[in-house]
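Examining the three-dimensional arrangement
Spelled out from the first residue to the last, the chains are:
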Amino acid sequence: MTETPQDTRSMSRDTIAPSHSSTTSKHSVDTEKKAAAADAQELPYSPFSAKTRAMIVIITALTGLVSPLSANMYYPSITKVRDDLHTTQSAITWTITAYVIAMAVFPLLWSNLADFIGRKPVYALSMLIFTCGSVGCALSRSLTALIASRVVQSAGSSAVQGAGAGTISDIYPREQRGTALGIYYLGPLLGPCLGPLIGGYIGQDVGWRWVFWVLAIWGGVMMLLALFVLPETHRRMVSKKHRIQPVNIPPLLGLKDNNPLLDIATARYPVIALSMLHFAMLFGTYFTNATAQPLAYEGIYGLSQGMAGLCFLSSGVGCVVGSISGGRVTDLLLKRRRRELEAAAAADSERAEEIKVSAETRLGAMWIGTGVFLCGVIICGWLLEHKLSLAGVLVTQFFIGGGMAFTFQSLGGYVIDVFPTRSARITGVQNFWRSAWAAVIVQLFPTMYTNIGWGWSYTVMFFLTLMSLMLMQFVVFRGSALRERFGPSADLQ
């Protein structure tokens with residue numbers, strides 16, 4: 001996070017395609033290409049200083065925190081909301097399901113819009129919508145009004161789920177991107193941990209409506225930061241005002257080309273389909289665990305609403321450790337692989353320009369994160385089943401949060417590397433698939449643990465995630481071959 005723009009000049013050679021000239025003019029054209037490549041490498045990847053880029057990452061992470069925070073701050077007060085609105089438990093659950101469904105769909109629209117009009121206006125407009133939705137929730141006097149307001153709230157808050165990763169891709173090259181993504185993902189991943197803690201005490205002390213008033217204030221502050229502090233980072237727009245490396249600059253597309261259905265269709269590529277499957281299984285388990293923990297803390301261990309929220313700090317600390325370490329590890333893997341390729345090509349100047357670090361390199365340590373996550377899930381489920389040590393449950397929550405965050409760095413960075421000029425849109429796609437599955441499993445979980453218990457419910461989620469991890473090994477070891485045969489090809493990048 002402290003590199004200057006000049007430090008990034010040599011980081012993007014893998015995105016500059018080699019020359020393919022005819023035989024008669026090969027030498028002269030190669031010379032021109034090498035000269036152009038050398039000139040491009042002398043330019044900074046981004047015109048922003050290290051401090052400005054750090055500020056952009058922090059604002060993006062804080063804005064990304066809005067969506068999961070607003071989803072989870074509400075959970076500890078749900079029984080009070082049910083009683084206040086005179087409805088049933090099954091009916092009040094729709095305030096959660098509707099929010100998650102909207103969180104799956106709207107990032108696809110926002111991500112496309114962010115590529116068309118830029119990141120900055122999308123941030124500002126989405127936070128305005130989120131603030132209005134939060135005010136509507138606070139003023140709701142019926143279940144219908146609350147559900148509708150929750151959809152509006154989710155529509156506004158979910159913009160950064162895709163556009164945020166695009167912003168990071170705008171300002172950091174590949175070998176520095178993982179560390180920056182690690183900080184950005186702290187926002188989305190800490191929400192399920194901090195939300196119940198903050199919302200638990202607010203709902204307990206001043207009432208559930210103040211949960212939404214606090215969120216409205218938060219949204220208003222983030223809207224002002226987007227309007228008056230956050231600069232525009234979209235590489236196509238920045239390249240018109242500043243001289244930057246001519247890499248990862250998407251072409252200007254018309255509105256008809258900004259079709260979310262085309263983005264969802266990227267699942268036709270085997271590497272994307274398997275990546276999205278693992279994203280979905282992993283996040284569905286993580287999200288279900290987060291929503292189920294208040295039931296366990298209050299129902300099994302007899303904790304108060306506020307103390308139950310405090311227990312989420314364990315998972316939050318794990319998220320911080322996993323997110324930062326995971327981002328750093330993926331960057332180191334890319335840099336090490338580049339050094340190996342450069343050493344192998346040192347004696348052959350013709351090969352030097354053809355060095356390209358495979359996107360799958362970033363997945364090299366993914367099994368560590370998912371393995372830690374799975375250990376936490378299976379142990380937690382059976383501790384809850386037999387009503388054993390609360391301290392043991394909190395330790396497993398640390399592993400669940402840390403493993404989830406570590407894996408997110410590998411997967412999130414990988415799909416961006418595969419689609420470097422469509423980073424916001426491909427991140428919106430992975431948000432769609434993971435949120436869609438989360439909405440399904442969250443609805444199923446109450447029935448699962450009522451009928452088969454905590455232990456077997458967590459075991460089912462364990463094996464679903466393990467299955468997706470096993471399938472991801474095809475991408476880890478054969479991803480380059482799969483992309484060469486089935487796509488996505490370089491022209492999509």
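To be clear, the structure that these remarks concern was listed above.
Residues numbered from 1 in each chain as written. Predicted model: local features only at pLDDT ≥ 70, side-chain atom pairs only at ≥ 80, totals over all residues. Heavy atoms only, no water.

1. A closer look at unusual backbone geometry
Omega for the peptide link from Gly 487 to Pro 488 comes to 5 degrees, which places this bond in the cis form. Its location among the elements puts Pro 488 in the segment after helix H21 (423-486). (Helix = DSSP H or I, 4+ residues; strand = E, 2+ residues; numbered from the N terminus.)

2. Structural notes on helix H9 (residues 160-171)
The first and last C-alpha atoms of H9 sit 16 Å apart over 12 residues, in line with the 16 Å expected at 1.5 Å per residue. When you tally the buried positions in H9, you get 12 out of 12 residues, the bulk of the element. Listed in full, the buried residues belonging to H9 are Val 160, Gln 161, Gly 162, Ala 163, Gly 164, Ala 165, Gly 166, Thr 167, Ile 168, Ser 169, Asp 170 and Ile 171. (Expected span 1.5 Å × (residues − 1). Buried < 20%, exposed > 50% of the residue type's maximum accessible area, 1.4 Å probe, protein only.)

3. Comments concerning helix H6 (residues 94-117)
Over its 24 residues, H6 extends 33 Å from the first C-alpha to the last, a length consistent with the 34 Å expected when each residue adds 1.5 Å. Largest kink in H6: about 30 degrees, centred on Phe 106, with the proline Pro 107 one to four residues after it. Immediately beyond the C-terminal end of H6, within one or two residues, lies Gly 118, with a positive phi of roughly 110 degrees. (Bend = angle between axes of the 7 residues up to and from the residue.)

4. Some details on empty space enclosed by the protein
One pass over the full model with this rule turns up 4 cavities of 30 Å³ or more. When its volume is computed, the largest cavity comes out at roughly 100 Å³. Looking at the largest cavity, it is lined by 13 residues, and the ones nearest its centre are Pro 68, Gln 161, Pro 188, Phe 283 and Arg 434. Secondary-structure elements contributing two or more residues to the lining of the largest cavity are helix H3 (66-72), helix H11 (186-206), helix H15 (270-299) and H21. A volume near 60 Å³ is recorded for the second largest cavity. If you go around the second largest cavity, you meet 14 residues; those closest to its centre are Arg 119, Asp 170, Asn 248, Pro 250 and Pro 420. When residues of the lining of the second largest cavity are traced back to their parent elements, those giving at least two are H9 and H21. (1 Å grid on protein atoms, 1.4 Å probe; cavity = no way out; pocket = protein on both sides within 12 Å on 5 of 7 lines; lining within 4 Å. Points joined across faces, edges and corners; volume = space filled by probe spheres on them.)

5. Structural notes on the packing of H15 against H21
At a minimum axis separation of 3 Å, H15 and H21 run at an interaxial angle of 155 degrees. In this view, H15 runs roughly antiparallel relative to H21, as classed from their interaxial angle. H21 is crossed by H15, and the crossing has left-handed handedness. For the contact of H15 with H21, a count of residues per class yields 35 nonpolar, 12 polar and 2 charged. (Axes fitted to C-alpha atoms, helices over the stretch in contact; angles between N-to-C directions. Parallel < 35°, antiparallel > 145°, perpendicular 65-115°, else oblique. Left-handed = near helix turned anticlockwise from the far one by under 90°. Nonpolar A, V, L, I, M, F, W, Y, C, P; charged D, E, K, R; others polar.)

6. Some details on the side chain of Arg 425
Within the secondary structure, Arg 425 is located in helix H21. According to the relative accessible area criterion, Arg 425 is buried, its value standing at 6%. Within the structure, Arg 425 has its side chain in polar contact with the side chain of Asp 263 (distance 3.1 Å). (Polar contact = N/O pair within 3.5 Å; in protein donor to acceptor, adjacent residues only side chain to side chain.)

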